[in-house]
Amino acid sequence: MAQEQMDNRQSKGDEYCMLSQSGYSDKAIKYFQDRENMGVIENADQVTDLTGPCGDTMKISLNIDEGTIKDARIQVFGCPGAVASGCALVSLAKGKGLEDAGNIDLDALYKELEKMPDQKVHCARLAIKTLQKALKEYSRKNINSW
Ligand code: FES
């Protein structure tokens, strides 16, 4: 195995131990480490960002077709809780109708993440608020085309 791959595996292992000891579930750590759904959709139908009181920022991009979220990606400039929450939220939102996506609440997101440290609740809340803001902005822009 190449040295770089071994170093990478080692650092992921160290990261896993630290996050696990701080109270993140295996599933939340996987969301954080895999970073699936991270990024930006080119020519997205909606791009919205939101900065939380802690100063961390999330930017969500959505592809919407006939009232359904066909694709979603998120960029997170923030803590592991923000990355895990953002990635989990996007995974929950994909394939949902706009109303259902807007109804994803803290309970649903926590069910998906299984467990995060108590002081990370606001990170999950920031992810939800970012999606809700994006959906509101999208509906406002498209109110006349429905
Ligand atoms: Fe700001 Fe997590 S500390 S979103």
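Residues numbered from 1 in each chain as written. Predicted model: local features only at pLDDT ≥ 70, side-chain atom pairs only at ≥ 80, totals over all residues. Heavy atoms only, no water.

Draft legend 1. Representation of the side chain of N37. Examined against the element boundaries, N37 turns out to sit in the loop between α2 (26–34) and β1 (46–51). From its side chain, N37 meets the backbone oxygen of C87 in a polar contact 3.4 Å long. Ignoring sequence-local partners within four residues, the contact set of N37 consists of A72, R73, I74, C87, V90, S91 and K94. (Helix = DSSP H or I, 4+ residues; strand = E, 2+ residues; numbered from the N terminus. Polar contact = N/O pair within 3.5 Å; in protein donor to acceptor, adjacent residues only side chain to side chain. Contact = heavy atoms within 4.5 Å.)

Draft legend 2. A look at the nonpolar core. L62, I69, L109, L113, M116 and L131 are the most contacted members of the largest nonpolar core, which totals 40 residues. Elements with a minimum of two residues in this core: α2, β2 (57–65), β3 (68–77), α3 (80–93), α4 (98–102), α5 (106–113) and α6 (121–142). Not counting the four nearest positions on each side in its chain, M116 is found in contact with G23, Y24, A28, G81, A84, S85, Y110 and A124. (Core = buried A, V, L, I, M, F, W, Y, C linked by side-chain atoms within 4.5 Å. Buried < 20%, exposed > 50% of the residue type's maximum accessible area, 1.4 Å probe, protein only.)

Draft legend 3. Spatial organisation of the packing of aromatic side chains. Within the structure shown, the criterion is met by zero aromatic pairs. Sitting over the face of the ring of F32, R35 holds its NZ or CZ atom 4.5 Å from the ring centroid. (Phe/Tyr/Trp six-rings, centres within 6.5 Å; stacked < 30°, edge-to-face > 60°. Lys NZ or Arg CZ within 6 Å of the ring centre and 35° of its normal.)

Draft legend 4. Layout of the pairing of β3. Where β2 and β3 come together, nine bridges link them in antiparallel fashion. Among the inter-strand pairings, N63 is bridged to a residue of β3, identified as D71. (Pairing = 2+ DSSP bridges.)

Draft legend 5. How the structure looks around the sheet that holds β3. Read from one edge to the other, the open sheet built from three strands follows the order β1-β2-β3, with strand pairing classed as antiparallel. This sheet does not close on itself; its edge strands, each paired only once, are β1 and β3. Here the strands of the sheet are splayed against their neighbours by 20° on average, with no regard to which way each runs. This element, α3, spans β2 and β3 of the sheet and lies at about 175° to β3. Strands in contact with α6 are β1, β2 and β3; relative to β1, the strand with the most contacts, it is inclined by about 140°. (Axes fitted to C-alpha atoms, helices over the stretch in contact; angles between N-to-C directions.)

Draft legend 6. Layout of the pattern of salt bridges. Counted by the stated rule, this structure contains four salt bridges. Among the salt bridges present, the one from E112 reaches K27, with a minimum N-O distance of 3.4 Å. Note that E112 is positioned in helix α5 and K27 in helix α2, a separation of 85 residues in sequence. A salt bridge links K30 to D34; the shortest N-O distance between them is 2.5 Å. Note that K30 and D34 are positioned in helix α2 at a spacing of four residues, about one turn of the helix. Residues joined in a network through salt bridges with shared partners are D71, R73 and K94. (Salt bridge = Lys/Arg side-chain N within 4 Å of Asp/Glu carboxyl O.)

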